[in-house]
Amino acid sequence: MLEMNKTKIETRIITLMSLLIALMVVFTRFISFETQFLRISFTFIPESLMGILFGPFWTGIGSAVADTVGMLLFPKGPYFPGFTLNAFISGAIYGFFYYKKELTWKRVFLATSLVTLIIHMFLTPLWLGLMYGVDLSNLAWWIPRIVKNIVFLPIQVVATYYLGNKIPYKQILNKSLINLK
Ligand code: FOL
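Residues numbered from 1 in each chain as written. Predicted model: local features only at pLDDT ≥ 70, side-chain atom pairs only at ≥ 80, totals over all residues. Heavy atoms only, no water.

Per an unreviewed UniProt entry, the protein chain is named Folate ECF transporter, and its organism is Enterococcus ureilyticus.

Pasting the structure below:
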């Protein structure tokens, strides 16, 4: 009896993770703006939700799976493993900052700034440089990226704060898990 309930809880967790991974694929591949050198997406929404609920390790894994599955099913350009690493690191950062923590403005701003600096302003330009042979000393190339990140950072901070504080999905989830015990 106890074993069956444990299986049921695990099934719900796996189902929820799969749903969030599917949402990441949709947000990255379909509800996004993409050029060869720049992508604007709201993938941080399901990714942060996963971070809140499942922590750094599983969010890193989930984001990397979403990148790989998304590229396999809906290829846009050549597969490059650097972006899978990006997905893992950003997922791990959201999980590290948001799992079992109160989502204060400071905490959300810190996590978002860290992902912006490490992923969007350092690693992604590095991968794009390696992939397409971009000359990264060309300042004109950086302008759209810098503008995107300056505009997007406050949008992401406000959206994440709202997501983490105004929606009682956490209680809903806890209830549905506790009711199984
Ligand atoms: N390889 C893999 N593994 N995944 C990909 O998504 C991928 N995408 C491309 C090529 N190889 C890939 C297509 N090219 C950005 C721009 C172009 C691009 C890939 C990524 C980019 O600017 N990414 C930003 C924003 C990501 C977001 O907001 O979702 C980044 O910082 O990663």
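After that view, the rundown keeps rolling.
What follows is about the confidence of the model for the protein chain. Confidence in the prediction of the protein chain, expressed as mean pLDDT, is 92, and 93% of residues score 70 or more. Model confidence for the protein chain, summarised as mean pLDDT per element, is weakest for helix α6 (residues 169–178) at 69 and strongest for helix α3 (residues 81–98) at 98. Interface confidence in the predicted complex, given as ipTM, is 0.94; pTM for the same model is 0.92. (pLDDT = per-residue confidence, 0-100. Helix = DSSP H or I, 4+ residues; strand = E, 2+ residues; numbered from the N terminus.)

Bringing a nonpolar patch on the surface into the picture now. There is a patch of nonpolar side chains on the surface, built from Val26, Phe30, Ile31, Phe57, Trp58, Ile61, Val65, Val69, Leu72, Leu73, Phe74 and Phe88 and spanning about 1100 Å² of accessible area. By residue number, the principal contributor to the nonpolar patch is helix α2 (residues 44–73), which donates seven residues. Looking at the element boundaries, Phe30 is found in the loop between α1 (2–29) and β1 (32–34). (Patch = residues over 30% accessible without salt bridge, like charges linked within 9 Å, V, L, I, M, F, W, Y side chains within 5 Å. Areas by Shrake-Rupley, 256 points an atom, 1.4 Å probe, with all protein chains shown as cover. Salt bridge = Lys/Arg side-chain N within 4 Å of Asp/Glu carboxyl O.)

A word on the UniProt feature "transmembrane region" (unreviewed entry) in the protein chain. Within the UniProt annotation, "transmembrane region" (unreviewed entry) is assigned to residues 12–31, 79–99, 108–130 and 142–163. The distance from the first to the last C-alpha atom of residues 12–31 is 26 Å, and the span holds 90% helix and 0% strand. End C-alpha atoms of residues 79–99 are separated by 30 Å, and the span's content is 86% helix alongside 0% strand. (UniProt positions renumbered as here; feature names shortened; annotations may be inferred.)

Moving on: the pattern of salt bridges. One pass over the full model with this rule turns up two salt bridges. Ionic pairing is found between Asp67 and Arg29, a salt bridge with its closest N-O pair at 3.3 Å. Taken together, the positions of Asp67 in helix α2 and Arg29 in helix α1 put the pair 38 residues apart, joining distant regions of the chain. Note that Arg39 is salt-bridged to Glu34, the shortest N-O span being 3.0 Å. Classification of Arg39 by relative accessible area gives partly exposed; the value is 30%. Here Glu34 falls in the partly exposed class, since its relative accessible area comes to 30%. (Buried < 20%, exposed > 50% of the residue type's maximum accessible area, 1.4 Å probe, protein only.)

This next bit is on the site of the ligand. Lining the immediate surroundings of the ligand are 23 residues, of which Ser41, Asp67, Pro78, His120 and Thr124 lie closest. In this structure, an oxygen atom belonging to the ligand sits 3.0 Å away from a main-chain N or O atom of Arg39. Within the side chain of Arg145, one N or O atom sits 2.9 Å away from an oxygen atom of the ligand. Contact with the protein chains covers 95% of the free accessible surface of the ligand, which is 670 Å². Applying the majority rule of atoms within 2 Å of the grid points places the ligand in the largest pocket. Elements with a contribution of two residues or more to the shell around the ligand: β2 (39–41), α2, α3, α4 (105–132) and α5 (139–165). The biggest single contributor to the shell around the ligand is α4, with four residues. (Near = heavy atom within 4 Å. Polar contact = N/O pair within 3.5 Å; in protein donor to acceptor, adjacent residues only side chain to side chain. 1 Å grid on protein atoms, 1.4 Å probe; cavity = no way out; pocket = protein on both sides within 12 Å on 5 of 7 lines; lining within 4 Å. Sits in = over half its atoms within 2 Å of the grid points.)

When the terminal C-alpha atoms of α5 are compared, their 39 Å separation across 27 residues agrees well with the 39 Å that a helix rising 1.5 Å per residue should span. Bending of α5 peaks at approximately 30° at the position of Phe152, with proline Pro154 no more than four residues after it. The complete set of buried residues in α5 reads Trp141, Trp142, Arg145, Lys148, Asn149, Phe152, Leu153, Gln156, Val157, Thr160, Tyr161 and Leu163. Among the residues of α5, the N-terminal cap falls to Asn138, whose side-chain oxygen and the backbone nitrogen of Ala140 are separated by 3.1 Å. (Expected span 1.5 Å × (residues − 1). Bend = angle between axes of the 7 residues up to and from the residue.)

One non-glycine residue with positive phi stands out, namely Lys100, at about 55°. Here Lys100 is to be found in the loop between α3 and α4.

Evaluated as defined, the whole model comprises one cavity of 30 Å³ or more. Roughly 40 Å³ of volume is contained in the largest cavity. Together, Thr116, His120, Lys148, Asn149, Phe152, Leu153 and Gln156 line the largest cavity. Among the elements of the structure, α4 and α5 are those that each provide at least two residues to the lining of the largest cavity. Of all the elements, α5 adds the most residues to the lining of the largest cavity, at five residues. Of the residues that constitute the lining of the largest cavity, the class distribution is two nonpolar, four polar and one charged. (Points joined across faces, edges and corners; volume = space filled by probe spheres on them. Nonpolar A, V, L, I, M, F, W, Y, C, P; charged D, E, K, R; others polar.)

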